[in-house]
Every structure is written in structure tokens, then in C-alpha cells.
Amino acid sequence: NLRTGFTTGACSAAAARAAAVGLVTGAIPENIECLLPNGDRVWFPVIEAHCTDTTAHAVVIKDGGDDPDCTHGAHMTVDLCLKPGAREQVTFRNGQGVGTITMPGLGLEVGGPAINPVPRKNIEQNVREVASELLANAGLEVTISVPDGELMAKKTLNDRLGILGGISILGTTGIVR
């Protein structure tokens with residue numbers, strides 16, 4: 001029996017949700033319940049957090065279970081920034097350690113962050129669930145970073161797929177088996 005874990009997408013969604021709670025309440029919780037793409041709700045510890053009136057920062061460590069993936073233990077880092085004038089919009093940026101799409105064919109915008117569609121939707125859903133009143137008047141920019149993501153990416157096929165500069169944010173269910 002192997003231990004299951006969570007995807008980079010699920011851990012990013014948890015960090016984004018924690019940061020959004022910080023923007024709404026002024027305090028980021030030590031643990032956050034996150035909605036996974038498969039509909040389950042799971043609690044994640046938040047290991048680092050701070051916020052102001054317009055920004056929030058939260059980190060969740062990826063636990064890949066017994067899967068030997070190179071991202072196990074990665075610090076999935078999310079920085080949220082309130083964007084006045086961008087009402088209801090949730091936009092994504094890649095920070096350090098998250099790759100950039102350089103070739104067509106992956107279903108993602110060339111030049112954009114390597115955040116796959118299911119995790120992107122899940123992150124947005126989690127943010128909207130807790131920050132709907134903020135989004136009624138402004139937008140939110142979600143920046144995902146992974147310290148040492150550039151080194152982790154060297155152990156993947158990302159460069160062959162045209163994803164450069166870091167890892168991809170992946171996961172269709174949120175669970176790693």
C-alpha cells in the first residue's frame with residue numbers, strides 16, 4: 001500500500017486560497033481547507049504567510065506521498081495582488097521556478113505561465129469561493145513560484161515540451177497516486 005499525496009496544482013490552490021483569506025480577513029490561517037478538482041475538500045498546513053491590505057503571500061509544501069516525483073517537498077508559493085479596475089478578473093503569472101510556455105500545442109498561451117487548465121480552474125475556484133466580495137470591486141493577480149523549480153525542471157521533460165525556466169503546475173484530480 002503506497003501513500004497518496006497531492007499535486008502541484010492542489011498545493012498551489014491551497015496556498016492561493018490561504019492568501020485570499022488573508023486579503024479578506026487580514027490574517028492568513030495556519031491551516032486551510034482546499035477544494036480539489038475531484039470535489040474533495042482537504043486541509044493543508046500553511047508554513048509561511050504574510051499579508052497587507054493589497055497583497056498576500058502563502059506557502060504550502062507539496063507532499064507527493066510515496067510518488068518519487070521531483071517536486072515532492074517543493075514550497076508551492078503564491079502571491080496575490082489586488083488589482084483595482086480589473087473587477088471580477090483573476091489572472092495568472094509565473095514567478096521564479098514556474099516554467100513559461102514557448103511552443104504551441106499544449107493548450108496554453110505561448111509566453112504564458114505553465115499552469116495547466118485544470119489547476120488554473122481549481123485555483124480560481126478556490127480564490128473566488130473566499131474572495132467574492134473583493135472581486136466584486138477589483139481583480140486578483142495570482143503569481144505562483146517554486147524555489148528551486150528550475151533545478152526540479154531538469155528532471156522532467158519540460159524542455160522537450162517547450163516549457164522553460166521551471167516546473168509545470170499540474171494535476172487533474174488533485175491527488176497523486
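The rules we used
Residues numbered from 1 in each chain as written. Predicted model: local features only at pLDDT ≥ 70, side-chain atom pairs only at ≥ 80, totals over all residues. Heavy atoms only, no water. Helix = DSSP H or I, 4+ residues; strand = E, 2+ residues; numbered from the N terminus. Contact = heavy atoms within 4.5 Å. Areas by Shrake-Rupley, 256 points an atom, 1.4 Å probe, with all protein chains shown as cover. Expected span 1.5 Å × (residues − 1). Buried < 20%, exposed > 50% of the residue type's maximum accessible area, 1.4 Å probe, protein only. Polar contact = N/O pair within 3.5 Å; in protein donor to acceptor, adjacent residues only side chain to side chain. Pairing = 2+ DSSP bridges. Axes fitted to C-alpha atoms, helices over the stretch in contact; angles between N-to-C directions. Salt bridge = Lys/Arg side-chain N within 4 Å of Asp/Glu carboxyl O. Disulfide = S-S within 2.5 Å.

A separate point is the overall build of the protein. Counting its secondary structure elements, the protein contains four helices and 13 strands. With the principal axes as the frame, the protein shows a C-alpha extent of 40 × 40 × 25 Å. Looking at the protein alone, contacts between residues at least 24 apart form 66% of all its contacts between residues at least 6 apart. Taken as a whole, the protein presents about 8600 Å² of accessible surface, with 51% of it coming from carbon and sulfur.

All right, on to helix H1 (residues 8-25) then. With 18 residues, H1 extends 26 Å from end C-alpha to end C-alpha; this agrees with the ideal 26 Å at 1.5 Å per step. The buried fraction of H1 is high, at 16 of 18 residues.

This part is about the side chain of Asn158. Position of Asn158 relative to the elements: it lies in helix H4 (residues 158-161). Within the structure, Asn158 has its side chain in polar contact with the backbone oxygen of Gly166 (distance 3.0 Å).

Turning to the sheet that holds strand E4 (residues 48-51), a few remarks are in order. Pairing is mixed in the open sheet, where five strands are placed in the order E4-E5-E6-E10-E7. Looking at strand neighbours, the two that pair on one side only are E4 and strand E7 (90-94), the edges of this open sheet. With strand direction ignored, the average angle separating the axes of adjacent strands in the sheet is 20°. Strand direction decides the pairing type here: E7 and strand E10 (residues 138-145), joined by five bridges, are parallel. From the neighbouring strand, Asn94 faces E10, where its bridge partner is Ile144. Against the sheet, helix H2 (residues 117-135) makes contact with strand E6 (75-84), E7 and E10, and its axis sits at roughly 140° relative to E10, the strand it touches most.

Residue position: Glu109 is located in the loop between strand E9 (100-101) and H2. Through-space distance from the C-alpha of Glu109 to that of Val90 is 16 Å; in sequence the pair is 19 residues apart.

With that settled, the discussion passes to the pattern of salt bridges. Scanning the entire structure with this criterion turns up seven salt bridges. Note that Lys62 is salt-bridged to Asp69, the shortest N-O span being 3.7 Å. The exposure class of Lys62 is buried, given its relative accessible area of 3%. Where Glu88 meets Arg128, a salt bridge forms, and the shortest distance between an N and an O atom there is 3.3 Å. Pair noted here: Glu88 is in the loop between E6 and E7 and Arg128 is in helix H2, with a separation of 40 residues, a long-range link. Given the relative accessible area of 26%, Arg128 is considered partly exposed. Among the ionic contacts, a cluster of salt bridges with common partners joins Arg17, Arg41 and Glu129.

What follows is about the pairing of strand E2 (residues 31-35). Consecutive side chains along a regular strand alternate between the two faces of the sheet. Of the strand pairs in this sheet, E2 and strand E3 (residues 41-45) are connected by five bridges, and their pairing is antiparallel. What sits directly across from Asn31, in E3, is Pro45. Linking two consecutive strands that pair antiparallel, namely E2 and E3, is a turn of five residues; a positive phi of about 95° is found at Gly39 within it.

Our focus in this paragraph is the state of the cysteines. Scanning all chains against the criterion turns up zero disulfides. Looking at the unpaired Cys70, the closest cysteine sulfur is the one in Cys11, lying at 14 Å. The exposure class of Cys70 is partly exposed, given its relative accessible area of 23%. For the unlinked cysteine Cys81, the closest cysteine sulfur is that of Cys51, found at 13 Å. Using a relative accessible area of 22% as the deciding quantity, one classes Cys81 as partly exposed.

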